[in-house]
Each structure stands twice: as C-alpha cells, then as structure tokens.
Amino acid sequence: MGHEVEFERCIDFMAQMIEKYGHELLEELEMERVDREAEEKEKNVNGNSV
C-alpha cells in the first residue's frame with residue numbers, strides 16, 4: 001500500500017508541474033518548431049538558387 005501512496009504523490013507533483021509550467025513548455029516547443037521550419041525554408045531557397 002505504501003507504493004500506492006508514493007505513486008499518488010508522484011502523479012500529484014507531475015500534475016502540478018504541468019499546470020504550472022505547461023504553457024511555457026508549449027510556447028518554447030512552438031518557437032523551436034517555427035525556427036526549424038524557417039531554417040529548412042532558407043536551406044531550400046538557397047539550395048534551389050545555386
């Protein structure tokens with residue numbers, strides 16, 4: 001039964017961290033995706049110009 005209590009505490013902590021920092025993580029991931037797409041687009045433009 002001790003494992004169940006520890007598991008519940010872990011899940012509660014994870015849920016709190018997601019609620020607290022989830023929006024920041026999503027924003028960061030979106031910025032990384034946009035940067036990656038811009039780099040790929042630039043590579044394609046430069047590659048086709050040569």
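Details of the structure are given in the entry above.
A brief report on the enclosed structure follows. Quick caveat: nothing in here was measured; it's all calculated off a predicted structure.

Our next topic: the overall build of the chain. Looking only at helices and strands, one finds one helix and zero strands in the chain. Against the globule reference of 10 Å for 50 residues, the chain gives a C-alpha radius of gyration of 20 Å, more extended than a compact globule. Overall, the C-alpha framework of the chain stretches about 65 × 20 × 5 Å when taken along its three principal axes. Taking all 50 residues of the chain together, the buried fraction comes to 2%. Of the roughly 5,100 Å² of accessible surface on the chain, 57% is carried by carbon and sulfur atoms. Mean positive and mean negative side-chain charge positions of the chain (6 and 15 charges, respectively) differ by 5 Å.

For the rest of this paragraph, the subject is the pattern of salt bridges. One pass over the structure, following the stated rule, counts two salt bridges. As a salt-bridge pair, Arg33 and Glu30 come within 2.5 Å of each other at their nearest N and O atoms. Placement of both Arg33 and Glu30 in helix H1 (residues 2–49) is noted, with a separation of three residues, approximately one turn of the helix. Judged by relative accessible area, which is 32%, Arg33 ranks as partly exposed. As a salt-bridge pair, Glu37 and Arg33 come within 2.5 Å of each other at their nearest N and O atoms. Of the two residues, Glu37 and Arg33 both sit in helix H1, four residues apart, roughly one turn of that helix. With a relative accessible area of 42%, Glu37 lands in the partly exposed category.

The next subject is a negative patch on the surface. A contiguous patch of negative charge, built from Glu24, Glu27, Glu28, Glu32, Asp35, Glu39, Glu40 and Glu42, is present on the exposed surface. For Glu39, the location among the structural elements is in helix H1.

Time to look at a nonpolar patch on the surface. Together, Phe7, Ile11, Phe13 and Met14 give the surface a local cluster of nonpolar side chains, amounting to about 400 Å² of exposed area. Note on placement: Phe13 falls in helix H1.

Parameters at a glance
- Residues numbered from 1 in each chain as written.
- Predicted model: local features only at pLDDT ≥ 70, side-chain atom pairs only at ≥ 80, totals over all residues.
- Heavy atoms only, no water.
- Helix = DSSP H or I, 4+ residues; strand = E, 2+ residues; numbered from the N terminus.
- Rg over C-alpha atoms; globule rule 2.2 N^0.38 Å.
- Buried < 20%, exposed > 50% of the residue type's maximum accessible area, 1.4 Å probe, protein only.
- Areas by Shrake-Rupley, 256 points an atom, 1.4 Å probe, with all protein chains shown as cover.
- Lys, Arg positive; Asp, Glu negative; His and termini not counted.
- Charge placed at Lys NZ, Arg CZ, Asp CG, Glu CD.
- Salt bridge = Lys/Arg side-chain N within 4 Å of Asp/Glu carboxyl O.
- Patch = residues over 30% accessible without salt bridge, like charges linked within 9 Å, V, L, I, M, F, W, Y side chains within 5 Å.

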